[in-house]
Amino acid sequence: SSSSTSREAEPAMNAYRAQLLRFDTDGTPLYESDGLLVVGLGTDGVQRVVDAGPYRTVAARHPQVAVTHWPDRLIAPGFIDMHVHYPQTDIIGAPADGLLPWLENYTFPAETRFAQPAYAAEVANVFFSELLRHGVTTALAFATTHPASVDAFFQGAQKRGLRMISGKVLQDRHSPDGLRDETEQSLIDSETLIQRWHGQGRLGYAITPRFAPTSTDAQLRGAGELAARHPDTWIHSHVAENRDEVRWVRELFPQARSYVDVYRGFGLLRERAVYAHCIHLDDADRALMRDTGAVAAVSPTSNLFLGSGFFDYEGAERIGMRHGLASDVGGGTSFSPFHTMLAAYYVGREGQTKPGLSLAPSRLWWHHTGGAARALGLQGVIGTLQAGTEADFVLLNPKATPLLARKTERAQNLEELLFALIVLGDDRVVDQVCIA
Ligand code: GUN
Ligand code: ZN
């Protein structure tokens with residue numbers, strides 16, 4: 001994105017012709033077998049969608065624009081990972097009895113190393129490369145308690161022009177030396193990082209208490225106050241993932257009605273508050289999430305790998321608790337949105353009581369793109385390829401493997417095409433990724 005000419009007068013536009021998947025605001029998929037996506041450079045240096053639809057009609061509206069033609073490829077919105085831990089990139093696949101021993105034996109030791117800025121920068125670089133290889137263009141990511149881990153993350157994201165959200169982890173108790181932070185200082189550091197990074201280009205800050213058991217009341221209260229002072233920042237934490245964890249929270253916070261209610265008590269439920277897992281909830285919890293605007297990040301590969309349980313999609317839909325999909329690497333076993341969508345499908349079948357396809361392929365896809373964007377409060381910004389949204393998109397190859405080629409050639413409709421990609425797809429399907 002150079003700026004040698006006056007772009008304001010005549011914005012630079014480019015157009016891409018291929019199969020095209022977009023989403024309506026309510027999640028309805030829009031598909032063109034011969035589509036055109038027209039993007040233009042804004043004065044802020046970000047490319048946005050100017051126009052999109054059937055090739056014939058859209059091309060006629062933009063006769064001057066150069067068209068790049070990718071026959072046999074599918075343009076789709078970049079995937080959005082609603083919950084992932086960049087410092088856990090190297091501990092994918094660490095086996096444990098369950099969440100709490102996994103944290104103690106693998107995760108906490110791995111995270112202590114992020115006090116070193118050079119190490120954090122190296123892992124952040126690997127992390128962004130992995131996201132992009134898998135077609136993920138935006139993530140809400142945990143860093144570690146070390147402020148340097150947040151700087152390393154945002155510097156890497158900025159260099160690549162990515163829309164990314166992260167924050168310093170708050171954990172001032174029940175944590176080992178080298179990871180445990182100090183209550184007052186942790187809140188001061190968080191506010192400094194908000195001022196440094198939040199709203200810088202496409203970067204956003206998330207106030208990030210790890211989970212209720214590793215924060216004192218004072219730290220949780222301080223986090224809630226910080227969230228009230230900075231209402232357009234995100235809040236990012238975990239809730240009700242594992243039965244032993246839920247039991248521990250009940251002992252630590254006997255005054256709260258439930259685990260979700262602990263966060264409510266400290267002012268940590270609001271719009272842009274994102275809670276990973278939300279497995280062991282009741283309907284009152286779901287209604288509390290809905291009424292406050294807090295949302296669930298659902299991580300099926302992690303929940304299956306750690307034996308945490310099964311997210312109740314029907315319960316979420318029935319009550320109206322918003323949710324989207326997430327990898328939760330390193331509890332999750334893959335950066336691939338295809339693997340996550342397939343695991344979500346399995347879990348949805350497990351909990352299914354009504355007949356029919358409760359999680360249709362296009363619905364799974366929506367939960368990892370436009371639906372995730374909406375849950376993050378980024379509707380109209382990313383995730384749908386509607387006009388005006390940022391041009392983060394992937395170019396997928398539906399013939400990336402011999403079996404995929406056979407399956408996608410035989411697809412009778414969009415759902416069959418998307419299902420073939422979900423069941424058989426992975427990073428081999430992701431041909432190119434375009435960032436703004
Ligand atoms: N709960 C508290 N910390 C973590 C974490 O790092 N991963 C997961 N999956 N759950 C958590
Ligand atoms: Zn997590």
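Residues numbered from 1 in each chain as written. Chains lettered and ligands numbered in written order. Predicted model: local features only at pLDDT ≥ 70, side-chain atom pairs only at ≥ 80, totals over all residues. Heavy atoms only, no water.

Undergrad: For the overall build of the protein, give the residues involved together with the corresponding values.
TA: The number of helices and strands found in the protein is 16 helices and 15 strands. Relative to the 2.2 N^0.38 estimate, which gives 22 Å for 436 residues, the radius of gyration of the protein is 21 Å and therefore close to what a compact globule would have. Projected onto its principal axes, the C-alpha coordinates of the protein cover approximately 65 × 55 × 35 Å. Expressed as a percentage of its 436 residues, the buried residues of the protein come to 60%. Accessible surface, the protein as shown: approximately 16900 Å² in total, 48% of it carbon and sulfur. If you average the places of the 40 positive and of the 50 negative side-chain charges in the protein, the two averages end up 4 Å apart. (Helix = DSSP H or I, 4+ residues; strand = E, 2+ residues; numbered from the N terminus. Rg over C-alpha atoms; globule rule 2.2 N^0.38 Å. Buried < 20%, exposed > 50% of the residue type's maximum accessible area, 1.4 Å probe, protein only. Areas by Shrake-Rupley, 256 points an atom, 1.4 Å probe, with all protein chains shown as cover. Lys, Arg positive; Asp, Glu negative; His and termini not counted. Charge placed at Lys NZ, Arg CZ, Asp CG, Glu CD.)

Undergrad: A description of the coordination of the zinc ion (ligand 2) should follow, citing residues and the corresponding values.
TA: Octahedral six-donor coordination of a metal ideally yields angles of 90 or 180 degrees, compared with 109.5 degrees for tetrahedral four-donor coordination. Within the protein, the atoms that donate to the zinc ion (ligand 2) are His 83 (NE2), His 85 (NE2), His 238 (NE2) and Asp 328 (OD), at distances of 2.0 to 2.3 Å. Given 4 donor atoms and angles of 87 to 169 degrees at the metal, the environment of the zinc ion (ligand 2) is assigned as irregular. Here the donor residues of the zinc ion (ligand 2) are spaced in sequence according to H-x1-H-x152-H-x89-D. Since its relative accessible area comes to 0%, His 83 is described here as buried. Residue classification places His 85 among the buried positions, given a relative accessible area of 3%. (Donors = N, O, S within 2.8 Å, 3.2 Å for Na, K, Ca; no water. Tetrahedral: all angles 85-135°; square planar, octahedral: opposite > 155°, others 65-115°.)

Undergrad: A description of the pairing of strand β12 (residues 295-298) should follow, citing residues and the corresponding values.
TA: Alternating residues of β12 divide into Val 295 and Ala 297 and Ala 296 and Val 298, and every residue in both groups is buried. Note: strand β11 (residues 273-277) against β12, 3 bridges, orientation parallel. Residue pairing across strands places Tyr 275 opposite Ala 296, the latter belonging to β12. Bridge count for β12 against strand β13 (residues 323-325) is 3 bridges, and the pairing is parallel. Looking across to β13, one finds that Ala 296 is bridged to His 323. (Pairing = 2+ DSSP bridges.)

Undergrad: Which residues make up the site of ligand 1, and what values go with them?
TA: Contacts to ligand 1 come from His 85, Gln 88, Leu 99, Trp 102, Leu 103, Arg 210, Phe 211, His 238, Glu 241, His 277 and Asp 328. Here an oxygen atom of ligand 1 and a side-chain polar atom of Arg 210 are 2.7 Å apart. In this structure, His 238 approaches ligand 1 through a side-chain N or O atom, which is 3.5 Å from a nitrogen atom. Compared with its free state, where it exposes 280 Å², ligand 1 has 100% of that area covered by protein. When residues in the shell around ligand 1 are grouped by element, the largest group, 3 residues, is from helix α2 (residues 99-112). The residue inventory of the shell around ligand 1, partitioned by class, reads 4 nonpolar, 4 polar and 3 charged. (Near = heavy atom within 4 Å. Polar contact = N/O pair within 3.5 Å; in protein donor to acceptor, adjacent residues only side chain to side chain. Nonpolar A, V, L, I, M, F, W, Y, C, P; charged D, E, K, R; others polar.)

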